[in-house]
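Now for the letters of each chain:
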Amino acid sequence: MERDINNNGVDRSRTFIIAEAGVNHNGDINIAKGMIEAAIDIGADAIKFQSYITDELTIPLAQTAPYQRLNTNESVQRTMLKKLELSENDQVILHDYALKKNIEFISSPFDIQSLALLVNLGLNIIKIPSGEITNIPLLRKISSLDREVILSTGMSSVKEIEYAVKVLLSNNLPKSKIWLLHCNTEYPTPFEDVNLRAMLSLREIFNVYVGYSDHTVGIDVSLAAVAMGASIIEKHFTLDKNSDGPDHSASLSVDEFKLMIKKIRDLEIILGEDRKYMTKSEEANKMIVRKSIVAKTNIRKGEVFTSDLLTVKRPLSGVCASKWDTYIGEKASRDYEKNEFIDKL
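Keep in mind it's a predicted model, so treat the numbers as computed, not measured.

Q: Would you take a moment to explain the pattern of salt bridges for this structure?
A: Taken as a whole and judged by the stated rule, the model has 17 salt bridges. One salt bridge connects D41 with K258, and the closest N-O pair in it is separated by 3.8 Å. With D41 in helix α1 (residues 29-42) and K258 in helix α11 (residues 254-271), the pair connects residues that are 217 residues apart, well separated along the chain. Residue R334 pairs with E340 through a salt bridge whose shortest N-O separation is 2.8 Å.

Rendered as structure tokens:
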């Protein structure tokens with residue numbers, strides 16, 4: 001398969017796998033650096049963080065989501081988010097660290113100031129989280145950038161996605177740089193709410209690259225998404241599933257993520273190309289298991305070939321059985337003994 005690499009260096013010829021660090025660093029830059037190292041070790045194409053300023057993201061008394069409350073014992077978003085926030089300097093350090101380690105650094109901006117930081121850092125890819133799909137000022141700012149844009153569509157109707165894409169296309173952003181991720185924003189997502197075929201609907205409706213942002217337990221749904229044609233898989237991972245924080249319990253361990261990537265790469269080999277052909281491994285078997293036209297009984301010269309006189313048997317050392325109709329009705333040019341290959345006409 002030929003490599004399809006765009007100007008920003010994103011390889012579209014295989015599944016683009018994003019190791020979602022999110023806020024699983026717990027606001028600790030050293031843990032975040034360790035997550036970059038782990039993402040490299042497991043073979044991810046990119047690592048993704050979240051860029052936000054707590055005071056710009058939420059009003060003081062906004063409540064946490066049920067899953068957040070369950071995993072953090074925090075009832076107020078601001079308190080939880082402040083603990084998990086990375087400073088601008090932290091993000092600069094992490095970006096430079098990832099750059100030095102040769103892994104794509106991505107972050108999701110939740111406000112225009114955070115977006116400006118990511119643009120100044122020179123990020124190739126801007127990831128828009130599901131919760132910002134209705135943030136028109138942010139989308140409009142992103143529409144003026146010459147960047148790859150990945151838009152998660154959790155909690156969204158088709159009409160909302162249509163409007164978001166319309167805003168993204170309102171400036172200089174070409175449609176070819178938009179990726180849509182099917183997503184469900186419950187952590188973890190129940191299997192009955194995955195609705196994976198919606199990913200294919202997004203591809204058909206919007207004619208863009210599509211993928212899946214996976215919040216389910218385990219790796220099976222991500223593998224199914226790849227088998228169905230996902231161009232991107234985004235999945236949370238953690239260095240410690242038992243750590244305090246909203247997303248650790250629904251994230252993969254490093255070993256689980258490594259296994260998922262191995263299986264995805266195996267799947268890509270299995271899926272192959274969109275054309276049918278005989279493979280090299282089959283060539284040796286072809287002559288053994290296909291059949292030739294042979295004499296069903298002894299045949300005298302001049303007799304007319306009929307189904308009473310001819311049959312097909314292995315191996316393919318004579319005339320291929322596919323020529324059957326050509327030989328019925330022809331006359332034998334010589335005598336044949338039973339099971340003798342019929343000569344070419």
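Q: What am I meant to see in the packing of aromatic side chains here?
A: Remark: the centre distance and the inter-plane angle together describe each pair of aromatic rings, the angle taken between the planes. Enumeration according to the criterion identifies seven aromatic pairs in this entry. With a centroid separation of 6.1 Å and an interplanar angle of 80 degrees, the aromatic rings of Y52 and F110 are classed as edge-to-face. Taken together, the positions of Y52 in the loop between β2 (46-51) and α2 (54-57) and F110 in the loop between β3 (104-109) and α6 (112-121) put the pair 58 residues apart, joining distant regions of the chain. Taking relative accessible area as the criterion, Y52 reaches 3% and is therefore assigned buried. A relative accessible area of 14% places F110 in the buried class. With a centroid separation of 5.5 Å and an interplanar angle of 35 degrees, the aromatic rings of W179 and Y209 are classed as tilted.

Q: Would you mind showing me how to read the side chain of R265 here?
A: For R265, the position within the fold is in helix α11. Within the structure, the side chain of R265 is placed 3.0 Å from the side chain of D45, a separation counted as a polar contact. Here R265 is in contact with R14, T15, I17 and D45, once residues within four sequence places are set aside.

Q: How do you make sense of the packing of helix α8 (residues 158-168) against helix α9 (residues 197-206) when you look at a structure like this?
A: Each packed pair of helices is defined by two parameters, the angle between the axes and the distance between the axes. Remark: α8 packs on α9, axes separated minimally by 12 Å, with the N-to-C direction vectors making an angle of 45 degrees. Taken as axis vectors, α8 and α9 run oblique relative to one another. The interaxial crossing formed by α8 with α9 has right-handed handedness. Across the interface between the two elements, V158, I161, E162 and V165 of α8 pack against L202, I205 and F206 of α9. Per-class residue counts for the contact of α8 with α9 are six nonpolar, no polar and one charged.

Q: Before we go on, may I ask you to explain the nonpolar core in this structure?
A: Where a protein is soluble and globular, its nonpolar side chains tend to be buried together. Counting 64 residues, the largest nonpolar core has I47, F49, L168, L180, F237 and F257 as the members making the most contacts within it. If we skip the residues at most four places from it in the chain, F257 touches I17, I18, A19, I42, K235, H236, F237 and L252. Within the second largest apolar cluster, eleven residues are counted, among which are A295, F305, L310 and Y336.

Parameters at a glance
- Residues numbered from 1 in each chain as written.
- Predicted model: local features only at pLDDT ≥ 70, side-chain atom pairs only at ≥ 80, totals over all residues.
- Heavy atoms only, no water.
- Salt bridge = Lys/Arg side-chain N within 4 Å of Asp/Glu carboxyl O.
- Helix = DSSP H or I, 4+ residues; strand = E, 2+ residues; numbered from the N terminus.
- Phe/Tyr/Trp six-rings, centres within 6.5 Å; stacked < 30°, edge-to-face > 60°.
- Buried < 20%, exposed > 50% of the residue type's maximum accessible area, 1.4 Å probe, protein only.
- Polar contact = N/O pair within 3.5 Å; in protein donor to acceptor, adjacent residues only side chain to side chain.
- Contact = heavy atoms within 4.5 Å.
- Axes fitted to C-alpha atoms, helices over the stretch in contact; angles between N-to-C directions.
- Parallel < 35°, antiparallel > 145°, perpendicular 65-115°, else oblique.
- Left-handed = near helix turned anticlockwise from the far one by under 90°.
- Nonpolar A, V, L, I, M, F, W, Y, C, P; charged D, E, K, R; others polar.
- Core = buried A, V, L, I, M, F, W, Y, C linked by side-chain atoms within 4.5 Å.

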